[in-house]
Amino acid sequence: MDFSLSIVAAVVLMLVVMSVTWLLAKRWDNYSIVDAAWAGSFAIIALFFALTQPGLLLRKTLMLFAVGIWSLRLAIFLTRRIRSHHPVEDSRYQQLRAEYGKHAPARFFLFFQYQALSVVLLAIPFLEVFRSDIGSLSGVEIAGFLLICLSLIGESIADAQAQKFKQNPENKNKTCQVGLWRYSRHPNYFFESCVWWGFYLFAIGAAGAYYTVYAPLIILFLLLKVTGVPPSEAAALKKRGEEYRRYQQTTSMFVPWFPKKDPH
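Presented here is an overview of the structure given in this document. All values reported here derive from a predicted model rather than from experimental measurement.

**Points about the packing of helix 3 (residues 57-85) against helix 6 (residues 139-167)**
- Closest axis-to-axis distance for the helix 3/helix 6 pair is 11 Å, and the angle between their directions is 15°. As judged from the angle between their axes, helix 3 and helix 6 are roughly parallel. The way helix 3 lies across helix 6 gives a crossing that is left-handed. Where helix 3 abuts helix 6, its residues R59, L62, F65, A66, I69, W70, R73 and F77 lie against E141, F145, I148, L152, E155, S156 and D159.
- Residue composition of the contact of helix 3 with helix 6, by class: 9 nonpolar, 1 polar and 5 charged.

**Focus on the nonpolar core**
- In this structure, F42, F49, F108, F112, F126, W196 and F199 are the most contacted members of the largest nonpolar core, which totals 64 residues.
- Listed by contribution, the elements that provide at least two residues to this core are helix 1 (3-28), helix 2 (33-52), helix 3, helix 4 (91-100), helix 5 (104-130), helix 6, helix 7 (187-207) and helix 8 (214-226).
- The contacts of F112, once residues within four sequence positions are left out, are M18, T21, W22, A25, Y31 and V34.

**Quick word on the environment of K261**
- Along the chain, K261 turns up in the segment after helix 10 (242-250).
- For K261 and A203, which are 58 residues apart along the polypeptide, the C-alpha to C-alpha distance reads 41 Å.

**A word on the packing of helix 3 against helix 7**
- At a minimum axis separation of 12 Å, helix 3 and helix 7 run at an interaxial angle of 165°. It follows from the interaxial angle that helix 3 and helix 7 lie roughly antiparallel. For the crossing formed where helix 3 meets helix 7, the hand is left-handed. Contacts from R59, L62, M63, A66, V67, W70 and L74 of helix 3 reach helix 7 at E192, V195, W196, F199, F202 and A206.
- For the contact of helix 3 with helix 7, the per-class residue count stands at 11 nonpolar, no polar and 2 charged.

**What to know about the packing of aromatic side chains**
- Counted by the stated rule, this structure contains 25 aromatic pairs.
- Judged by centre distance (5.9 Å) and plane angle (25°), the rings of F126 and W196 are stacked. Separated by 70 residues along the polypeptide, F126 in helix 5 and W196 in helix 7 bring together distant segments of the chain. Both residues of the pair, F126 and W196, belong to the buried class.
- Consider the rings of F190 and F254, whose centres lie 5.7 Å apart with planes at 80°: the pair is edge-to-face. Placement of F190 in helix 7 and of F254 in the segment after helix 10 is noted, with a sequence separation of 64 residues between them. Each member of the pair F190 and F254 is classed as buried.
- Connected via pairs of aromatic rings, a cluster forms that spans Y31, Y93, Y100, F108, F111 and F112.
- Taking the ring centre of F77 as reference, the NZ or CZ of R73 above it sits at 5.9 Å.

Calculation notes
Residues numbered from 1 in each chain as written. Predicted model: local features only at pLDDT ≥ 70, side-chain atom pairs only at ≥ 80, totals over all residues. Heavy atoms only, no water. Axes fitted to C-alpha atoms, helices over the stretch in contact; angles between N-to-C directions. Helix = DSSP H or I, 4+ residues; strand = E, 2+ residues; numbered from the N terminus. Parallel < 35°, antiparallel > 145°, perpendicular 65-115°, else oblique. Left-handed = near helix turned anticlockwise from the far one by under 90°. Contact = heavy atoms within 4.5 Å. Nonpolar A, V, L, I, M, F, W, Y, C, P; charged D, E, K, R; others polar. Core = buried A, V, L, I, M, F, W, Y, C linked by side-chain atoms within 4.5 Å. Buried < 20%, exposed > 50% of the residue type's maximum accessible area, 1.4 Å probe, protein only. Phe/Tyr/Trp six-rings, centres within 6.5 Å; stacked < 30°, edge-to-face > 60°. Lys NZ or Arg CZ within 6 Å of the ring centre and 35° of its normal.

Right, dumping it as structure tokens:
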């Protein structure tokens, strides 16, 4: 299947996936599930590309494994979080409900379709890897695969440390500053970004697809300016106040680094 046809087919596939997700969200009256569906959609689209492209089997297997593990891990993590809060929606979707008013179902349908298109746009580096006909793996591809694996381990450790901290009743309304969270206020987001830089390295090594740099840059922008750090920091300040302000003063926001001395 050529590049253009693959993109068109992927768009149709993702629009169907997100339409079904919207129907479920409407039925359950919880539009937060789009987050888990968005994450899981990358495993679906990667499998579709792998099955319809003629690239090297080893290359396709490694890329499919990397995308699949990342996608399914994140989808499961988000599903558990959404389920634990159900029927209460994430605050972002509560705000959107208020903004959409009586037109909420229709507006959310469009919102879900935008998410479908974003999946296709961000998955183009995968397509470039799967369609590469180079007969052997390059060092850059191997470096990208290793970066993805190490980043997934880091992200999983960060999530597990935060979860364990929250489960301790003595830590209620306290800031997690153990493990990786001692060196970064958002180590999970840092490693998430690194995963996408790994995907980019894979695309460069397999197909010379330098133009796909937009994908990790979009993810980095979203994490730092839109859906990642800003709402997390605002919620933490609202909930923990002065304690979190001290944490901000001593701990790197994104890239893990040694903490500063508390000025107080």
